[in-house]
Amino acid sequence: MKLFILFQTDKWESKTSRIFFGVFDSRVKAIDIAKYYGLYCPCSKVVIEEITLNQFEEN
């Protein structure tokens, strides 16, 4: 299962400036929420990270 985490960050995309906005089950929903709340602006960027759940790997 894949989940998408929505963050807003500064224009340099530093991890210390990230603001968490939610976890979604599709990238489209995350983008729609970012547009709805006006997270896209010239002084900031939107970051959507894809996370895989319930995955077992052996090294």
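Everything below is about the structure printed above this text.
Residues numbered from 1 in each chain as written. Predicted model: local features only at pLDDT ≥ 70, side-chain atom pairs only at ≥ 80, totals over all residues. Heavy atoms only, no water.

Here we come to the environment of Y36. On the secondary structure map, Y36 appears in helix α1 (residues 27–36). For Y36 and S26, which are 10 residues apart along the polypeptide, the C-alpha to C-alpha distance reads 16 Å. (Helix = DSSP H or I, 4+ residues; strand = E, 2+ residues; numbered from the N terminus.)

What follows concerns the sheet that holds strand β2 (residues 19–24). The strand order across the open sheet formed by three strands is β2-β1-β3, and the pairing between neighbours is antiparallel. At either end of the open sheet lies a strand with only one pairing partner, and these are β2 and β3 (44–52). The average undirected angle you get between the axes of adjacent strands in this sheet is 20°. As defined by bridge partners, strand β1 (residues 2–10) adjoins β2 across five bridges and the pair is classed as antiparallel. Of the residues in β2, the one forming a bridge with Q8 is I19. Where α1 meets the sheet, its contacts fall on β1, β2 and β3, and the angle it forms with β3 comes to roughly 155°. (Pairing = 2+ DSSP bridges. Axes fitted to C-alpha atoms, helices over the stretch in contact; angles between N-to-C directions. Contact = heavy atoms within 4.5 Å.)

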